[in-house]
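# Fold and geometry: a report
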Number of protein chains: 2
Amino acid sequence: MPDTEEKKCRRDIDHLIASVSEDELGELAELFKIFGDSTRIKILYALFSGEKNVTEICEAIDMNQSAVSHQLKILKTSKLIQSRREGKSVVYSLADDHVKTIIAMGREHIEE
Amino acid sequence: MPDTEEKKCRRDIDHLIASVSEDELGELAELFKIFGDSTRIKILYALFSGEKNVTEICEAIDMNQSAVSHQLKILKTSKLIQSRREGKSVVYSLADDHVKTIIAMGREHIEE
DNA sequence: GCATCGTATGATAATATATTCATATGAATA
DNA sequence: TATTCATATGAATATATTATCATACGATGC
């Protein structure tokens, strides 16, 4: 009898979390720490709908430019976002789809 | 032509992250903040293999009892773990599967 | 070159967080 | 009930983190 999709998924997850070293757990904590700030989460969420420059991000989340730039740097260092210069402005975008997935999982947990 | 599993999954995620209120983003940040500490991640990971009492957790992650108890309280308040008394000891276990999923997603991101 | 717009950054102050120490509570048992 | 084992908790210290302010940097246009 073939596995259900759910069973397959469960097994994948179990495989992903098996044999995690202490170092990796530390890295994981560092990663989640990045998500654990409402300013940064708002920035990430603002980028869900597509790339934005710094000024646009500031408007979207209603925070001043300096605070946003500081957090953008942290997000970029963590490789959650990427940037490119376009004339006078710098345009930011999500680095990959894991950001969306991680936030979606978090939301699932909250909604229970 | 029917959707692939991957397409379905992508659509589910997009749905989950659409229309998130500012309050919800704050709750999300609070949730991820819990994962963003290496002691707490270690505790959660220690519970992946099954329930443990406080003493066993202390041994598993090599931290003193007081520090562990403080973090256990935070994890329990966030509903990531649950507990029950068993004689002199208190046994802790993961509250649901989302914990595993969230950590698995984090690990996927790191491994790139 | 100079002014201006957009962004980045360093220093500071305010706040939050984790660990430790001491001690309290709670359950079992002699 | 006095003692011991297991866990919880309050206070204090140490550390980390964030927003703000001032200012610097980079690109564009005059």
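Rules behind the numbers
- Residues numbered from 1 in each chain as written.
- Chains lettered and ligands numbered in written order.
- Predicted model: local features only at pLDDT ≥ 70, side-chain atom pairs only at ≥ 80, totals over all residues.
- Heavy atoms only, no water.
- Helix = DSSP H or I, 4+ residues; strand = E, 2+ residues; numbered from the N terminus.
- Buried < 20%, exposed > 50% of the residue type's maximum accessible area, 1.4 Å probe, protein only.
- Contact = heavy atoms within 4.5 Å.
- Areas by Shrake-Rupley, 256 points an atom, 1.4 Å probe, with all protein chains shown as cover.
- Pairing = 2+ DSSP bridges.
- Domains from an automatic or database assignment.
- Buried area = accessible area lost by both parts, 1.4 Å probe.
- Salt bridge = Lys/Arg side-chain N within 4 Å of Asp/Glu carboxyl O.
- Polar contact = N/O pair within 3.5 Å; in protein donor to acceptor, adjacent residues only side chain to side chain.
- Nonpolar A, V, L, I, M, F, W, Y, C, P; charged D, E, K, R; others polar.
- Least-squares fit on C-alpha atoms with pLDDT ≥ 70 in both.
- Phe/Tyr/Trp six-rings, centres within 6.5 Å; stacked < 30°, edge-to-face > 60°.

Time to look at the overall build of chain A. A count of helices and strands for chain A gives six helices and three strands. Sequence-ordered secondary structure for chain A, helices as α and strands as β, is α-α-α-β-α-α-β-β-α. Burial status across chain A gives 45% buried among its 112 residues. Of the contacts made within chain A by residues no fewer than 6 positions apart, 50% connect residues no fewer than 24 positions apart. Carbon and sulfur atoms make up 48% of the accessible area of chain A, which totals about 6400 Å².

Right, let's talk about the pairing of strand 2 (residues 81–86) of chain A for a bit. All names here are of chain A. Here six bridges tie strand 2 to strand 3 (residues 89–94), and the two strands are oriented antiparallel to one another. Residue pairing in the sheet places Ser-83 in a bridge with Tyr-92 of strand 3. Two successive antiparallel strands, strand 2 and strand 3, enclose a turn made up of two residues, where Gly-87 displays a positive phi of approximately 65°.

A word on the sheet that holds strand 3 (residues 89–94) of chain B. Pairing is antiparallel in the open sheet, where three strands are placed in the order 1-3-2 (chain B). Each having just a single partner strand, strand 1 (52–53) and strand 2 (81–86) of chain B make up the two edges of the open sheet.

Residues and elements named next belong to chain A. When the domains of chain A are assigned, the result is domain 1 (1–34) and domain 2 (37–111). Contacts between domain 1 and domain 2 engage four residues on the former and seven residues on the latter. Together domain 1 and domain 2 conceal approximately 410 Å² of surface at their shared face, both sides included; 68% is due to carbon and sulfur atoms. Applying the counting criterion to the domain 1 and domain 2 interface returns zero salt bridges. For the interface between domain 1 and domain 2, the tally reads two residue pairs in polar contact (both at pLDDT 80 or more). Split by residue class, the side of domain 1 that touches domain 2 holds three nonpolar, no polar and one charged.

Below, the discussion takes up the relation of the copies chain A and chain B. Mapping chain A onto chain B calls for a rotation angle of 180° and an axial translation of 0.0 Å; the resulting RMSD is 0.0 Å. Expressed as a symmetry operation, the mapping of one chain copy onto the other fits a two-fold axis. Both copies share a contact surface, since 100% of the interface residues of chain A are interface residues in chain B too.

Attention now goes to the packing of aromatic side chains. With the rule as written, the count across this model stands at five aromatic pairs over all chains. Relative to A:Phe48, the ring of A:Tyr45 has its centre 5.4 Å away and its plane inclined at 70°; by these criteria the two rings are edge-to-face. With A:Tyr45 and A:Phe48 both in helix 3 (residues 38–48), this residue pair falls three residues apart, about one helical turn. A:Tyr45 sits in the partly exposed class, given a relative accessible area of 22%. Residue A:Phe48 is classed as buried on the basis of its relative accessible area, which comes to 12%. Every member of this aromatic cluster is reached through a ring pair, and the members are A:Phe32, A:Phe35, B:Phe32 and B:Phe35.

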